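One-letter residues, chain by chain:
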Amino acid sequence: HSDSTYDYIVVGGGTSGLVIANRLSEQKNTSVLVIEAGGSVYNNPNVTDTLGYGKAFGTDIDWAYKTTDQEYAGGSSQTVRAGKALGGTSTINGMVYLRAQAAQINAWETVGNKGWNWESLLPYYKKGEQLQDPAQYPFLDGSGVAFDPAYHGFTGPLKVGWTSTQLNDGLAQKMNTTYQNLEVPVQYNRDPNGGDMVGYSLYPMTVDSELNIREDAARAYYYPYQNRTNLHIWLNTHANKLTWKDGPEVTANGVEVTLSNGTTAVVKATREVILAAGALKSPVLLELSGVGNPDILSKYGIATKINLPTVGENLQDQMNNGLQFDSKTSYSNKSADYVSYPSAAQLFPNSTAVGADLLRKLPAYAAQVASANGNITRTRDLYRFFKIQWDLIFKHGIPVAEILLEPSGTTYDTEYWASVPFSRGSVHLSSADPTAAAIIDPKYFMLDFDLHAQAQAARFIREIFQTKPLADMSGAETSPGLSTVSAGADDEGWADFIKGNYRSNFHPITTAAMLPKELGGVVDSSLKVYGTSNVRVVDASVLPFQVCGHLQSTIYAVAERAADIIKGRV
Ligand code: FDA
C-alpha cells in the first residue's frame with residue numbers, strides 16, 4: 001500500500017488517536033488512515049480482565065520507556081509504561097475515570113488558550129461517555145457507588161461504570177465514616193467528575209459493566225465502526241517522521257513508515273497529519289521531522305525545518321508511592337474504587353504557612369527549571385505557570401493529593417501521589433534513527449515542595465489508619481513500617497523511603513504544550529504546531545498543566561473537542 005493517499009493521517013492509534021479517526025471518518029467523503037505501531041489486543045486477557053491491572057506490564061504491548069537516572073530521586077532510572085497496541089495506553093491502564101478540578105481547566109484559558117475552559121470541555125467529556133447507570137446492576141447494591149446525572153453522558157462511545165467485582169460489604173461506608181472522623185474532616189463527594197473533586201468518593205472506571213471487561217479506546221471508538229470504508233488502520237506499522245511539501249509554507253504531505261515486513265514506505269496525506277503517539281513519542285516525531293531545538297537537531301544531523309526549541313520541554317509527571325497495613329478481614333478478587341482528594345487546607349496542618357513559604361520559593365524554582373534546560377524554557381514564563389499552580393492550590397482549593405485504598409488479601413494497600421508537582425523535565429531524541437530510545441528525564445523530586453507534599457500525603461494516610469472505624473479494622477503498618485520511618489518523621493525522615501520506592505505515576509504530559517508561542521507553546525489553541533499549516537498534536541503532550549484526577553477522561557475530551565476544531569465546528 002505504499003503509494004496510498006488519504007485526506008488525514010493519524011499517527012498513533014491510541015486513546016486520543018482513535019477518537020480523532022472515528023470523528024473525522026464520520027464524514028463519508030473523508031478518508032482517514034491510522035498508523036499504529038502495535039497490533040490488536042481485542043482478545044488479549046491481560047487487557048480485557050478487569051482485575052488484571054499490571055499483567056500487561058513488560059509484555060510486548062508495553063513500550064516500557066526508560067528514564068535517565070533520576071539525580072534528585074535516589075539516582076536510579078524509572079520505567080514509564082505506555083500501551084503499544086490498537087487502543088494505546090487505554091489497553092493497559094488502571095481504568096480509572098476521574099476528570100479534573102474545573103479551575104484547572106479554566107487555567108488553560110487564563111494562560112492564553114482561548115476557548116479552553118471547564119464549561120467548553122464538559123460537553124466533550126459527556127459526548128464521549130456512555131455511563132452505565134449502577135441501578136441497572138444488582139451486583140452493585142450496597143457498594144455505595146453513585147453519580148450525578150448532570151455531569152455525565154449516556155450515549156457516547158466510551159462505556160464508563162463499575163465492575164461486577166465491586167466490593168459491597170460496607171467498607172465504602174466505613175471509609176466515609178473514617179474520613180468524617182479525621183481532625184480536619186474530608187467530606188463525602190457523591191460525584192467527583194463534576195468539576196469539584198475535593199472529598200471522599202467512589203469513582204467509576206472505563207469498563208463494560210455488562211460483559212465485565214475493560215473498555216478501551218479501540219472497543220469504544222474503533223471496533224464498532226471498523227466497517228467504514230473510509231477508515232483505514234495499518235497495524236504493526238512504525239511512523240518514522242513526517243514528510244514535507246516543497247514551497248514557502250511548511251506543509252506536511254505524508255508520513256514515512258516502516259511496515260510490518262520491515263520495508264520503508266511513504267504514505268501521503270492531502271489535508272493534515274495529526275500526531276497522537278503519546279507524550280513521550282509525539283515530540284520525538286516532531287524532532288525527527290526537523291521541528292524542534294536546532295542545537296539538539298544538529299547534533300544528530302537533522303536539518304531544522306521549524307525552529308521551535310520548546311518541543312519536548314515542560315515534561316511533567318507525578319510520583320506514586322504506597323503504604324501497606326494489615327487487614328483483619330480477608331479480601332479476594334474484589335475492586336474497591338475508593339479515592340480521597342484532600343485540599344491543601346485538609347492535607348497540611350499549617351496550610352497558610354506552607355503556602356507562604358512556597359510562594360517565596362517560586363522565583364527560585366522557576367530559575368532552577370530554566371537553567372536545567374539551558375533557559376530554553378524561560379524563568380519568567382515558568383514563574384507565571386508556577387504562580388497559576390500556586391493560586392490553584394492555595395486560592396482555588398484544588399486537591400493537592402490523591403489517595404487510593406485497595407484491599408487485597410489480608411492487606412490494605414494504598415497508593416498515593418501529590419497531584420501537582422512543580423518539577424519539570426524533558427524528552428528528546430537520542431539519534432536520527434526513529435527506533436532509538438529517547439532521552440526521557442522527568443526530573444522527579446527536583447524541587448523540595450514535591451517531596452514535602454508527597455511526605456505529607458504519607459502522614460495523612462497514617463492518620464487515616466489511626467482513625468476509627470478503619471483503625472479497628474486494620475493492624476500494623478507493614479510498609480514502610482514505623483521502624484523504617486518513625487512516627488512524626490520529617491521530610492528528611494521520609495525521603496529515603498519515598499525516593500527508594502516511588503514509581504512514575506504514568507501521567508506524562510506537556511511535551512508539546514498548548515500555549516501561546518511567546519510563552520513557549522508548541523501548538524496553538526487549535527492544536528496546530530506553530531509554523532506549520534497542517535500538523536496537529538492531539539494527545540497528552542498538549543495538556544498545558546497537570547490535572548488532578550487521571551489523564552484518560554481529559555484526553556478523550558480534548559480529542560473530542562480537537563475533532564470538532566478540525567471539522568471547523570468550534
Ligand atoms: P496513547 O499511549 O494512548 O496512544 C499513543 C499510541 O501511539 C499508542 O498506541 C502507541 O503504540 C502509538 N505509537 C507511538 N509511537 C508510534 C510510532 N512511532 N508509530 C506508530 N504508532 C506509535 N489514566 C486514567 O485516566 N486512569 C487510569 O487508571 C490510568 N492508569 C494508567 C496506568 C498505566 C500503567 C499507564 C501507563 C497509564 C495510566 N493512565 C491512566 C494514563 C492514561 O492511560 C494515558 O495518559 C492515556 O491513555 C494516554 O493517551 P494518549 O492518546 O496520549 O497516548
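Before any of the text, the structure's been laid out above.
If you're wondering where the values come from, they're calculated on a predicted model, not measured in any experiment.

Trainee: How do you make sense of the overall build of the protein chain when you look at a structure like this?
Mentor: A tally of regular secondary structure across the protein chain gives 15 helices and 24 strands. Here the C-alpha atoms of the protein chain give a radius of gyration of 23 Å, agreeing with the 25 Å that 2.2 N^0.38 yields for 570 residues. Taking the principal axes of the C-alpha coordinates as reference, the protein chain spans close to 70 × 55 × 40 Å. Scored against the burial criterion, the 570 residues of the protein chain give a buried share of 63%. For the protein chain, the accessible area works out to roughly 20000 Å², and carbon and sulfur atoms hold 48% of it. In the protein chain, which carries 45 positive and 56 negative side-chain charges, the distance between the mean positions of the two groups comes to 5 Å.

Trainee: Please clarify how the pattern of salt bridges should be interpreted in this entry.
Mentor: One side chain can pair with another of opposite charge once the charged atoms of both are near each other. A complete count under the given rule lists 22 salt bridges for this structure. R569 is paired through a salt bridge with D564; the nearest N and O atoms lie 3.8 Å apart. Several salt bridges converge on common partners, so that one network encompasses R23, E26, E560 and K567.

Trainee: So what exactly am I meant to see when it comes to the site of the ligand here?
Mentor: Taken together, the neighbourhood of the ligand is formed by 38 residues, with T15, S16, E36, T89 and Q552 sitting nearest. Between the ligand and the protein, one listed contact pairs an oxygen atom with a backbone N or O atom of A85 at 3.1 Å. Here a nitrogen atom of the ligand and a backbone polar atom of V96 are 2.9 Å apart. Protein chains bury 97% of the 1000 Å² of accessible surface belonging to the ligand in isolation. It is helix α15 (residues 551-566) that contributes the most residues to the shell around the ligand, three residues altogether. A breakdown of the residues in the shell around the ligand according to their chemical character gives 16 nonpolar, 17 polar and five charged.

Trainee: So what exactly am I meant to see when it comes to unusual backbone geometry here?
Mentor: Excluding glycine, most residues fall at negative phi; most peptide bonds, likewise, are trans. Between K468 and P469 the backbone carries a cis peptide bond, its omega angle lying at 0 degrees. In this fold, P469 is placed in the loop between α12 (448-465) and α13 (470-473). Going from S479 to P480, the amide bond is cis rather than trans, its omega being -5 degrees. With respect to the helices, strands and loops of the structure, P480 is situated in the loop between β22 (474-479) and α14 (491-501). Residue N333 is not a glycine yet carries a positive backbone phi of 45 degrees. Looking at the secondary structure, you find N333 in the loop between β17 (324-331) and β18 (338-341).

Trainee: Explain helix α3 (residues 102-110) to me, please; I cannot follow it from the model alone.
Mentor: Structural remark: α-helix, 3.6 residues per turn; residues separated by three or four positions point the same way. When we look at burial in α3, the residues that qualify are A102, A103, Q104, I105, A107 and W108. Turning to α3, the residues buried within the fold contact α4 (118-128), α11 (379-394) and α15. Where α3 terminates, the next one or two residues include G112, which has phi positive at roughly 125 degrees.

Trainee: So what exactly am I meant to see when it comes to the sheet that holds β18 here?
Mentor: Each strand in a sheet pairs with another by means of backbone hydrogen bonds, the pair being arranged parallel or else antiparallel. In space, the five strands of this open sheet follow the order β7-β18-β19-β17-β22, with antiparallel pairing throughout. Of all strands in the sheet, those with a lone pairing partner are β7 (199-202) and β22, marking the two edges. Neighbouring strand axes in the sheet, compared pairwise and without regard to direction, differ in orientation by 35 degrees on average. Alignment of β17 against strand β19 (residues 401-418), held across four bridges, turns out to be antiparallel. Residue pairing across strands places F325 opposite Y412, the latter belonging to β19. Against the sheet, α12 touches β17, β18, β19 and β22, its axis set at about 140 degrees to β19.

Trainee: What's the story with the environment of A85 in this structure? I'm lost.
Mentor: Mapped onto the elements, A85 comes out in the loop between β4 (79-80) and α3. Along the primary structure A85 and R536 are separated by 451 residues, whereas in three dimensions their C-alpha atoms are 21 Å apart.

Trainee: It is not clear to me how the nonpolar core should be interpreted in this structure. Could you clarify?
Mentor: For soluble globular proteins, the rule of thumb is that nonpolar side chains tend to be buried together. Within the largest apolar cluster, 189 residues are counted, with the highest numbers of intra-cluster contacts made by I20, W108, V255 and Y338. In contact with V255, other than residues within four places in its own chain, are I9, V11, I35, A239, K241, L242, T243, A265, V266, V267 and V273.

Trainee: Any chance you could explain the packing of aromatic side chains here in plain terms?
Mentor: When we look at a pair of aromatic rings, we describe it by the centre distance and by the angle of the planes. If you walk through the whole model with that rule in mind, you get 25 aromatic pairs. Seen from their ring centres, Y331 and Y412 are 5.7 Å apart, and the 55 degrees between their planes marks the pair as tilted. Note that Y331 is positioned in strand β17 and Y412 in strand β19, a separation of 81 residues in sequence. Each member of the pair, Y331 as well as Y412, is classed as buried. Ring centres of Y444 and Y502 lie 5.3 Å apart, and the angle between their planes is 70 degrees; this geometry places the pair in the edge-to-face category. On the criterion of sequence distance, the pair formed by Y444 in the loop between β21 (439-441) and α12 and Y502 in the loop between α14 and β23 (503-504) is long-range, its members being 58 residues apart. In terms of burial, Y444 and Y502 fall into one category: buried. Put simply, the rings of F348, Y365, F386, F422 and F449 pair up and form one aromatic cluster. Positioned above the aromatic ring of W63, the side-chain terminus of K281 is 3.3 Å from the ring centre. Against the face of W116 rests R561, its NZ or CZ located 4.4 Å from the ring centre.

Trainee: Could you clarify how one ought to interpret the environment of W494 in this entry?
Mentor: Secondary-structure assignment places W494 in helix α14. Distance in space between the C-alpha atoms of W494 and T484 is 9.0 Å, their sequence separation being ten residues. For W494, the residues in contact, after removing those within four places along its chain, are L323, A455, A458, R459, R462, P480, V485 and A489.

Trainee: Can you walk me through the pairing of strand β12 (residues 252-258) in this structure?
Mentor: Walk down a regular strand and you will see the side chains alternate between the two sheet faces. Within β12, six of the seven residues are buried, leaving the element largely enclosed by the surrounding structure. Relative to β12, strand β11 (residues 238-244) runs antiparallel, the two sharing six bridges. The residue bridging L242 from the neighbouring strand is V255, located in β12. As judged from the five bridges shared by β12 and strand β13 (residues 264-275), these two strands associate in the antiparallel manner. Its bridge partner lying in β13, V255 is registered against V267. Hairpin geometry of β12 and β13 is characterised by an intervening segment of five residues between the two adjacent antiparallel strands and by a positive phi of about 90 degrees at G262.

Trainee: Is there a simple way to think about the packing of helix α10 (residues 351-372) against α12 in this case?
Mentor: Each pair of packed helices gets described by two things: the angle between the helix axes and the distance between those axes. At their nearest, the axes of α10 and α12 sit 10 Å apart, and the two run at 150 degrees to each other. If you check the angle between α10 and α12, you find them roughly antiparallel. When α10 is examined against α12, the residues V354, L358, K361 and Y365 are found in contact with a partner set consisting of D448, F449 and H452. Looking at the contact of α10 with α12 residue by residue, the class counts come to four nonpolar, one polar and two charged.

Trainee: Just to check I follow, could you spell out α11 for this structure?
Mentor: In a regular helix each residue adds 1.5 Å, so 16 residues correspond to 22 Å; α11 covers 22 Å between its end C-alpha atoms and thus fits that length. Taken together, the buried positions of α11 are occupied by D381, L382, F385, F386, I388, Q389, W390, D391, L392 and I393. Those residues of α11 hidden inside the fold are in contact with α3, α9 (344-347), α10 and α12.

Criteria and cut-off values
- Residues numbered from 1 in each chain as written.
- Predicted model: local features only at pLDDT ≥ 70, side-chain atom pairs only at ≥ 80, totals over all residues.
- Heavy atoms only, no water.
- Helix = DSSP H or I, 4+ residues; strand = E, 2+ residues; numbered from the N terminus.
- Rg over C-alpha atoms; globule rule 2.2 N^0.38 Å.
- Buried < 20%, exposed > 50% of the residue type's maximum accessible area, 1.4 Å probe, protein only.
- Areas by Shrake-Rupley, 256 points an atom, 1.4 Å probe, with all protein chains shown as cover.
- Lys, Arg positive; Asp, Glu negative; His and termini not counted.
- Charge placed at Lys NZ, Arg CZ, Asp CG, Glu CD.
- Salt bridge = Lys/Arg side-chain N within 4 Å of Asp/Glu carboxyl O.
- Near = heavy atom within 4 Å.
- Polar contact = N/O pair within 3.5 Å; in protein donor to acceptor, adjacent residues only side chain to side chain.
- Nonpolar A, V, L, I, M, F, W, Y, C, P; charged D, E, K, R; others polar.
- Contact = heavy atoms within 4.5 Å.
- Pairing = 2+ DSSP bridges.
- Axes fitted to C-alpha atoms, helices over the stretch in contact; angles between N-to-C directions.
- Core = buried A, V, L, I, M, F, W, Y, C linked by side-chain atoms within 4.5 Å.
- Phe/Tyr/Trp six-rings, centres within 6.5 Å; stacked < 30°, edge-to-face > 60°.
- Lys NZ or Arg CZ within 6 Å of the ring centre and 35° of its normal.
- Parallel < 35°, antiparallel > 145°, perpendicular 65-115°, else oblique.
- Expected span 1.5 Å × (residues − 1).

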